[in-house]
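# Architecture at a glance
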Amino acid sequence: MGERDDPATIGRRVQRLRVERGLTQRQLAEPVYTPAYVSTLESGRVRPSDDALRHLAERLGVAFDELAGGRSARLVTGLRLRLTEAQRTLADGEAEAAAEQYAELLSEAETHGLTAERSAALLGLGECALETGELVAGRQYFERAETCLAGAPLPARVPALRGRAVAHYLAGELRYAVYLLETTLDELNRGGLHDPDALLLLYASAIGPYMDMGAHARAAQAAELALALAPQSGDPALVARMHRSVARTLVAEGRLAEAGASLAKAAELYRGLQIRTELANCHWMRGYVYAQDGRLERAEEELRQALGMLSAQRAALYSSQVTVELADVLHRRGRSDEAAALLHDVLGHLSPERGAVHSAAAHRLLGIIAEDARRTEDAEEHYVRALSLLERAGAAGDLADLCRLLGDLLRRTGRVEAALDAYRTGLGHRTAPGTTTLGPAPAHPPL
């Protein structure tokens, strides 16, 4: 049973509905209650029982929940339908339009005190903000969604937690992002809360910050766990579209309970779409592993598959990051001109506040390509830009290698003192391959 309003609010609602329907207090009360009881109820001086409200709701032609809490089944179902439409708008790459839809839905949900719908709208606004690169606003939306879901089980709060972690990660706060993800994973697995969708979201989201921190072994492990969990999800696009269309028909026919069930399925499947998008990170990771192993053809296949899953419209920032990885593989396969063209194109979508680590990687690779072509000044400019970006993000593993590249270039051009400074900076950030300053890995799910 839903929450009930206070007696005064219920009384005013009963009176308004009675007057709208042209009923007297006697007509509303009979045959079970008296006009005096209805008068007392309308004045807010008595708290009506559930039986009394059911009788009055039947006489007034409204649902019990609408009379008790002011929330009609049609209103709630309509909001849920529009939430799935906003999800679809975002999935189609129209983040700004989706944000407008979510903002309107948030206002309505707050007006009617609908907690679940309010949290869903906040999550949607957070995802829209991530898509458009408004990371501070996105983090704030996710924090509000967490507050809204404070009393819900942990798996229900995972999308908000994961969203906040991604916002920190994209802002260059790698260590805190990993802390949020690993703490949640550990709590889920140690508590026996093995929700596959929640775990899949978290493991897939951890791969990026792991890689940027130099924790390659942990990133590979997260990818394997995510891929092992994937069969418990699926490709829900066509089924979700069907459920959404059916729900619209059911609402038009007044079959609200059935429409709500279809919308619940559609919402679950659209969440699956987001999870499937995150699976691209697993292919991204596999491409990296193949590249490190020298299996460049397989690496290119995996990275192109990741790009296919991350359409440029749906996830422009993430697809830009994968493109940088693909360009590295193409360069190593002797296709440097193709790689450089990809990098110059993708730099327009990256910045210090949006994809700083991969923006640095793009400049680093452009520097290597320029150095191979004996364009020393261009190479140095790219290396310096990359160094500035990495220092800001705290990506220690990549800093050491970049300082070596810059030092070698400076030494070859006769600037020995400047080269020594670059080497010293690199030594200050040196880490062993595959290591990190992170603590023990979180507990694993039973697969």
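Read on for an overview of the structure.

Criteria and cut-off values
- In every chain, residue numbers begin from 1 and rise along the written sequence.
- Under the rules for a predicted model, residues below a pLDDT of 70 receive no local features and side-chain atom pairs below 80 are neither given nor counted, while totals for whole chains, interfaces and linings still include all residues.
- Each side-chain value is derived from all of the structure's non-hydrogen atoms; neither hydrogens nor water enter the calculation.
- The secondary structure listing takes helices from DSSP runs of H or I that are at least 4 residues long and strands from runs of E that are at least 2 residues long, numbered from the N terminus.
- The buried label goes to any residue with under 20% of its type's maximum accessible area, the exposed label to any with over 50%, and the partly exposed label to all in between, with areas taken from a 1.4 Å probe on protein chains only.
- Should any heavy atoms of two residues lie within 4.5 Å, those residues are considered in contact.
- Accessible surface is estimated by sampling points in the Shrake-Rupley manner with a 1.4 Å probe; for residues, cover comes only from the protein chains shown.
- Here the arc refers to the directions that run from the helix axis out to each C-beta atom.
- When the centres of two rings from Phe, Tyr and Trp lie within 6.5 Å, Trp using its six-membered ring, the rings pair. Their planes under 30 degrees apart give stacked, over 60 give edge-to-face, and anything left gives tilted.
- Salt-bridge detection follows one rule: a side-chain nitrogen of Lys or Arg within 4 Å of a carboxyl oxygen of Asp or Glu.
- In protein, a polar contact means a hydrogen-donor-capable atom and an acceptor-capable atom, both N or O and within 3.5 Å, with residues adjacent in sequence counting only if both atoms are side-chain atoms; elsewhere, any N or O pair within 3.5 Å suffices.
- To define a nonpolar core, start from buried Ala, Val, Leu, Ile, Met, Phe, Trp, Tyr and Cys residues and group those joined through side-chain atoms within 4.5 Å.
- Take the residue count of a helix, subtract one, and multiply by 1.5 Å to get its expected span.

This part is about the overall build of the protein chain. The helix and strand tally for the protein chain stands at 22 helices and 0 strands. Among the 447 residues that make up the protein chain, the fraction classed as buried is 49%. A fraction of 62% describes how many contacts in the protein chain between residues 6 or more apart in sequence connect residues 24 or more apart. For the protein chain, the exposed area adds up to about 20,600 Å²; of that, 50% sits on carbon and sulfur atoms.

Another point: helix α18 (residues 336–346). Residues of α18 that are buried: Ala339, Ala340, Leu343 and Val346. Relative to the axis of α18, the buried residues are bounded by an arc of 135° and lie together on one face. Projecting away from the buried face of α18 at angles above 90 degrees are the exposed residues Asp337, His344 and Asp345.

Tallied over the full model, the rule gives 2 aromatic pairs. For the ring pair Tyr176 and Tyr179, a centre distance of 5.9 Å and an interplane angle of 25° mean the geometry is stacked. Of the two residues, Tyr176 and Tyr179 both sit in helix α11 (residues 174–190), 3 residues apart, roughly one turn of that helix. A relative accessible area of 37% places Tyr176 in the partly exposed class.

A few words now on the pattern of salt bridges. This structure, assessed with the given rule, holds 30 salt bridges. With a shortest N-O distance of 3.2 Å, Arg118 and Glu110 are connected by a salt bridge. Judged by relative accessible area, Arg118 falls into the partly exposed class, the value being 26%. One salt bridge connects Asp378 with Arg375, and the closest N-O pair in it is separated by 3.0 Å. Its relative accessible area of 31% is what places Asp378 among the partly exposed residues.

With that settled, consider the side chain of His55. Inspection of the secondary structure puts His55 in helix α4 (residues 50–60). Polar side-chain contacts of His55 include one of 3.2 Å to the backbone oxygen of Ala29. In contact with His55, other than residues within four places in its own chain, are Leu28, Ala29, Glu30, Pro31, Val32 and Tyr33.

Time to look at unusual backbone geometry. The peptide bond linking Glu30 to Pro31 adopts the cis configuration, its omega dihedral lying at 0°. With respect to the helices and strands, the residue Pro31 is situated in the loop between α2 (25–29) and α3 (35–42).

Of all hydrophobic cores here, the largest spans 102 residues; its most connected members are Tyr102, Tyr203, Leu343 and Tyr383. Apart from residues lying up to four places away in sequence, Tyr203 is in contact with Leu185, Asn189, Ala222, Leu225, Ala226, Leu229, Ala443, His444 and Pro445. Grouped together as the second largest cluster of nonpolar side chains are 15 residues, Leu17, Val38, Leu60 and Val62 included.

Between the first and last C-alpha of helix α8 (residues 115–132) there are 26 Å, a value that for 18 residues agrees with the 26 Å anticipated at 1.5 Å per step. Burial of α8 is extensive: 13 of the 18 residues sit out of reach of the surface. Downstream of α8 by a residue or two, Gly133 has a phi angle that is positive, lying close to 85°.

Before going further, it helps to spend a moment on the environment of Glu96. In this structure, Glu96 sits in helix α7 (residues 95–112). The class for Glu96 is exposed, based on a relative accessible area of 64%.

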